[in-house]
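The residues making up each chain are set out below.
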Amino acid sequence: MVVGLENEKTTDLLFHALSDSTRRDIIVRAMVDDYSVSGLADFYAMSFAAVQKHVAVLERAGLITKHRRGREQLVRSNKDTIRTAYGLLEDMEKLWRERIDRMGEILAEPEEGEDK
Amino acid sequence: MTVKSVQKDTEQLTLTLTAEFDATANRVWQLWSDPRQLERWWGPPGYPATFVDHDFTSGGNVIYYMTSPEGEKYHGWWRISDINPPGQLEFVDGFGDSDGNPNPDMPTTATSVAIEEVDGATRMTLRTKFPSEEAMQQLVKMGMEEGLTLAVGQIDEILSEDVSSGIRA
């Protein structure tokens, strides 16, 4: 597959986190402004606990971070992680370049790849 | 140098790679169609691939696993969506369990391969579409629909920043 095996877990979390429309909405909102979880919960027709769960998924994937202001925990989008999703394209290029190198080596063998 | 060109479309999250080999199209096709040759190049170094099923027909399944240096097995699958030897192959691939059942939580990629003889060499054009396109586009689109223009501006900025230099690399 496309990603290094050691990154598999991170990628898994990242894509799982991005697969839900409420969570994507939270990311967009938390890019503009800092929100508390209860502030975010006002936007959605779902319970505070459900929103809290979405926030936890985003936090585990590194897409948002929480920081404290006074007595409130505020949610902020983590742009580095959002960028990482794009960095995956780089990983994919590297993977295929290496594969093509190996293909070239096999093709360069005298006996049409029958040996070994 | 085998790889002739690389194009990365960060909007479509598509990688297009063109390579040229000093071999016939049939010979290059064998690298894909013969599982014993395929497993010599598919896995990264240290993670040899073993292809268990290799049904190279339209709608056919390819099931394989890669073995880590520690002996751990990573199972993967392809589903052939289009095939026309020796010129064309399209498949979706992803991770799954040992029976080849896809893991729905893991991303998949769609890859198309075109193989053609050009001026005595064989050109292989590979196009891989990364799965998060939809999620990313939805993210941007949603921002616009909801009038979060600032957010959209910020997303655009993020996406245009330094994408090609591999921030985490």
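Residues numbered from 1 in each chain as written. Chains lettered and ligands numbered in written order. Predicted model: local features only at pLDDT ≥ 70, side-chain atom pairs only at ≥ 80, totals over all residues.

Peer 1: How would you sum up the overall build of chain A? Please name residues and give values.
Peer 2: On a plain count of helices and strands, chain A comes out with five helices and three strands. When each of the 116 residues of chain A is scored for burial, the buried share is 37%. When contacts within chain A are restricted to residue pairs at least 6 apart in sequence, long-range pairs at least 24 apart make up 52% of them. (Helix = DSSP H or I, 4+ residues; strand = E, 2+ residues; numbered from the N terminus. Buried ≥ 20, exposed ≤ 12 C-beta atoms within 10 Å, placed from the backbone. Contact = placed C-beta atoms within 7 Å.)

Peer 1: So, the nonpolar core: which residues are in play, and what are the values?
Peer 2: Counting residues in each nonpolar core, the largest one holds 30 residues, and the members touching the most others are Trp96 and Met103 of chain A together with Phe21, Val28, Leu31, Trp41 and Met124 of chain B. Among the elements of the structure, α5 (79-107) of chain A together with β2 (14-21), α1 (25-33), α2 (35-41), β4 (61-67), β5 (73-84), β6 (88-95) and β8 (121-129) of chain B are those that each provide at least two residues to this core. Sort the elements by how many residues they give to this core and α5 of chain A lands first, with six residues. Residues within four places of Met103 of chain A in sequence aside, it is in contact with Leu31 and Trp41 of chain B. If you look at the next biggest cluster of nonpolar residues, it comprises 17 residues, including Leu14, Leu18, Tyr35 and Leu40 of chain A. (Core = buried A, V, L, I, M, F, W, Y, C linked by C-beta atoms within 7 Å.)

Peer 1: Describe the sheet that holds strand β2 (residues 64-69) of chain A, with residues and values.
Peer 2: All names here are of chain A. Reading across from one edge, β1-β3-β2 is the order of the three strands in this open sheet, with antiparallel pairing throughout. Looking at which strands have only one partner, the edges of the open sheet turn out to be β1 (35-36) and β2. Sheet topology note: the β1/strand β3 (residues 72-77) ladder contains two bridges and is antiparallel. Bridge pairing in β3 links Ser36 to Leu74. Across the sheet, helix α2 (residues 21-32) touches β1, β2 and β3, and the angle it forms with β3 is around 100°. (Pairing = 2+ DSSP bridges. Axes fitted to C-alpha atoms, helices over the stretch in contact; angles between N-to-C directions.)

Peer 1: So what's going on with the environment of Pro48 of chain B? Residues and values would help.
Peer 2: Residues and elements named next belong to chain B. Considering the arrangement of structural elements, one finds Pro48 in the loop between α2 and β3 (49-54). For Pro48, a count of 15 C-beta atoms within 10 Å corresponds to the partly exposed category. Between the C-alpha atom of Pro48 and that of Lys73, which follows or precedes it by 25 residues, the distance is 9.9 Å. Apart from the residues within four sequence positions on either side, Pro48 is in contact with Glu39, Gly43, Met66 and Thr67.

Peer 1: Give a detailed account of the pairing of β3 of chain A, specifying residues and quantitative values.
Peer 2: All names here are of chain A. In terms of strand pairing, β2 meets β3 through six bridges, oriented antiparallel. In the strand pairing of β3, Arg68 is matched with Gln73. Where β2 hands over to β3, the hairpin turn is made up of two residues, of which Gly70 adopts a positive phi near 60°.

Peer 1: Quick one: what's the story with unusual backbone geometry, residue by residue and with numbers?
Peer 2: Apart from glycine, the bulk of residues carry a negative phi angle, and the bulk of peptide bonds sit in the trans form. Residues and elements named next belong to chain B. Cis geometry marks the peptide bond from Pro85 to Pro86; its omega dihedral reads -5°. Position of Pro86 relative to the elements: it lies in the loop between β5 and β6. In this structure, Asp119 takes a positive phi of about 50° despite not being glycine. Judged by local crowding, Asp119 falls into the exposed class, with 7 C-beta atoms found within 10 Å.

Peer 1: Before we move on, can you summarise the environment of Arg76 of chain A with the specific residues and values?
Peer 2: Residue and element names in this part refer to chain A. With respect to the helices, strands and loops of the structure, Arg76 is situated in strand β3. On the basis of neighbour counts, which here come to 14 C-beta atoms within 10 Å, the residue Arg76 falls in the partly exposed class. For the pair Arg76 and Glu59, spaced 17 residues apart in sequence, the C-alpha separation works out to 9.6 Å.

Purely spatial values, then, with no claim about function.
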